[in-house]
Amino acid sequence: LGSVLEGLKEADERKQSGLHGLVEIDRVKNRVEIACSALREVGSWERKIKECEHMIHSHNLPAALGQLSSLKNVLDSFRMLPEFSKKEE
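Residues numbered from 1 in each chain as written. Predicted model: local features only at pLDDT ≥ 70, side-chain atom pairs only at ≥ 80, totals over all residues. Heavy atoms only, no water.

Visitor: Before we move on, can you summarise the overall build of the chain with the specific residues and values?
Guide: The number of helices and strands found in the chain is 3 helices and 0 strands. Going residue by residue from the N terminus, the α and β elements of the chain occur as α-α-α. When the 89 residues of the chain are sorted by exposure, 17% land in the buried category. For the chain, long-range pairs separated by at least 24 residues make up 46% of all intrachain contacts whose partners lie at least 6 apart in sequence. Carbon and sulfur atoms make up 59% of the accessible area of the chain, which amounts to about 7,100 Å² in all. (Helix = DSSP H or I, 4+ residues; strand = E, 2+ residues; numbered from the N terminus. Buried < 20%, exposed > 50% of the residue type's maximum accessible area, 1.4 Å probe, protein only. Contact = heavy atoms within 4.5 Å. Areas by Shrake-Rupley, 256 points an atom, 1.4 Å probe, with all protein chains shown as cover.)

And the structure:
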């Protein structure tokens, strides 16, 4: 009976350890997804800036205003990146 109880205790400890491992893996997965989203935004930042400049030069100010508003929302994704202050300017 003692060895059965000891075996159950060891199995429970392995289960708890496995659950903690899964929680950590989920945290890492979430951080990677956030970083991936930010990198996608970085990749499209230059294109969006050029589009906005084109709208301004072609006197399409309402569209340019909408694009600027969109770019401002993208800045939230940049806050975690080292080059954030440069993009905010």
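Moving on, there is more to tell.
Visitor: Can you explain a negative patch on the surface? Please cite residues and give values.
Guide: On the surface, Glu6, Glu10, Asp12 and Glu13 cluster together into a patch of negative charge. Within the element layout of this structure, Glu6 appears in helix H1 (residues 2-57). Residue class for Glu6 comes out partly exposed when judged on its relative accessible area of 41%. (Patch = residues over 30% accessible without salt bridge, like charges linked within 9 Å, V, L, I, M, F, W, Y side chains within 5 Å. Salt bridge = Lys/Arg side-chain N within 4 Å of Asp/Glu carboxyl O. Lys, Arg positive; Asp, Glu negative; His and termini not counted. Charge placed at Lys NZ, Arg CZ, Asp CG, Glu CD.)

Visitor: Break down the nonpolar core for me, citing the residues and quoting the values.
Guide: Ranked by size, the top nonpolar core spans 7 residues in total: Trp45, Cys52, Met55, Ala64, Leu71, Val74 and Leu75. Counting residues per element, the ones that place at least two in this core are H1 and helix H2 (61-78). In terms of residue count, the dominant contributor to this core is H2 (4 residues). Sequence-distant contacts of Ala64, defined by excluding residues within four places in its chain, comprise Cys52, Met55 and Ile56. (Core = buried A, V, L, I, M, F, W, Y, C linked by side-chain atoms within 4.5 Å.)

Visitor: Account for the environment of Ala38, with residues named and values stated.
Guide: Along the polypeptide, Ala38 turns up in helix H1. Owing to a relative accessible area of 1%, Ala38 belongs among the buried residues under this scheme. Linking Ala38 and Leu75, residues 37 residues apart in sequence, is a C-alpha distance of 9.4 Å.

Visitor: Tell me about the side chain of Gln67, and please be specific about residues and values.
Guide: By the element assignment, Gln67 lies in helix H2. We classify Gln67 as buried; its relative accessible area is 12%. Within the local environment of Gln67, its side chain forms a polar contact with the backbone oxygen of Lys48, the two atoms lying 3.2 Å apart. In contact with Gln67, other than residues within four places in its own chain, are Lys48, Glu51, Cys52 and Met55. (Polar contact = N/O pair within 3.5 Å; in protein donor to acceptor, adjacent residues only side chain to side chain.)

Visitor: So what's going on with the pattern of salt bridges? Which residues, and what values?
Guide: Under the definition given, this model contains 4 salt bridges. For the salt bridge of Lys29 with Glu33, the shortest nitrogen-to-oxygen distance reads 3.4 Å. Taken as a pair, Lys29 and Glu33 lie in helix H1 at a separation of 4 residues, close to a single helical turn. Note on Lys29: relative accessible area 44%, which makes it partly exposed. The network of salt bridges with shared partners includes Glu24, Arg27 and Arg31.

Note that every value here comes from positions in space, so none of it alone points to a role or purpose.
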